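Working through the structure, step by step
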Amino acid sequence: MSQTLKWTLKSFAELNIQELYQLLQLRQAVFVVEQTCPYQDADGADDQAFHLWATDGNGDMVAYARLFLPSATANYSRIGRVISAGKVRRQGLGRELMRRAIEWCQQQAPQHPIRLGAQVYLRDFYRSFGFIEISDEYLEDDIPHVDMERSV
């Protein structure tokens, strides 16, 4: 990336209205509109997540991921809703986003693996970060996915 990006990580309670609007807007632009996949993005889990994103020099949110720490029902951290905006793709921003997400999960819960549900076409991207497949392929909102895990 040639331009300077500002990285931010906040809990749901720390988000202001503008930040919440921007992250929902980016998620809908990519997952609903671009991928032509109508689904319920506001799934009731955002309030339990941490939100990691980058904004460009214009203040536009250009990368985002939703992060969950281990809980009583899940003995692993989880990375989801991994997105880079169309205008910044193929510039290494997705790699930087994942690097930061993994680092944060490892710092917060060092004894726990990290999981994600990968769209199948991105399987090799996630493998490059040490994730391995732990499920068969399945359809989620008519898009082929596979669950992956990165060990401690």
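The structure this text deals with has already been given above.
These remarks concern the structure in this document. From a predicted model like this one, the values you see are computed outputs, not experimental measurements.

Quick look at helix H2 (residues 93–108) now. An ideal rise of 1.5 Å per residue puts 22 Å on 16 residues; H2 measures up with 23 Å between its terminal C-alpha atoms. Along H2, the residues classified as buried are Leu93, Leu97, Met98, Ala101, Ile102, Trp104 and Cys105. Projected down its long axis, H2 shows its buried positions confined to an angular sector of 165°, all on one face.

Let us look at the nonpolar core. The biggest cluster of nonpolar side chains holds 36 residues, and the ones touching the most others in it are Trp7, Ile79, Met98, Tyr126 and Phe131. Where this core is concerned, the elements lending two or more residues are helix H1 (17–34), strand E2 (50–55), strand E3 (61–68), strand E4 (77–84), H2, strand E5 (114–119) and strand E8 (143–150). When residues in this core are grouped by element, the largest group, seven residues, is from H2. Sequence-distant contacts of Tyr126, defined by excluding residues within four places in its chain, comprise Val82, Met98, Leu116, Ala118, Phe131 and Met148.

Scoring rules and cut-offs
- Residues numbered from 1 in each chain as written.
- Predicted model: local features only at pLDDT ≥ 70, side-chain atom pairs only at ≥ 80, totals over all residues.
- Heavy atoms only, no water.
- Helix = DSSP H or I, 4+ residues; strand = E, 2+ residues; numbered from the N terminus.
- Expected span 1.5 Å × (residues − 1).
- Buried < 20%, exposed > 50% of the residue type's maximum accessible area, 1.4 Å probe, protein only.
- Arc of directions from axis to C-beta.
- Core = buried A, V, L, I, M, F, W, Y, C linked by side-chain atoms within 4.5 Å.
- Contact = heavy atoms within 4.5 Å.

So yeah, pure geometry; function would need other evidence.
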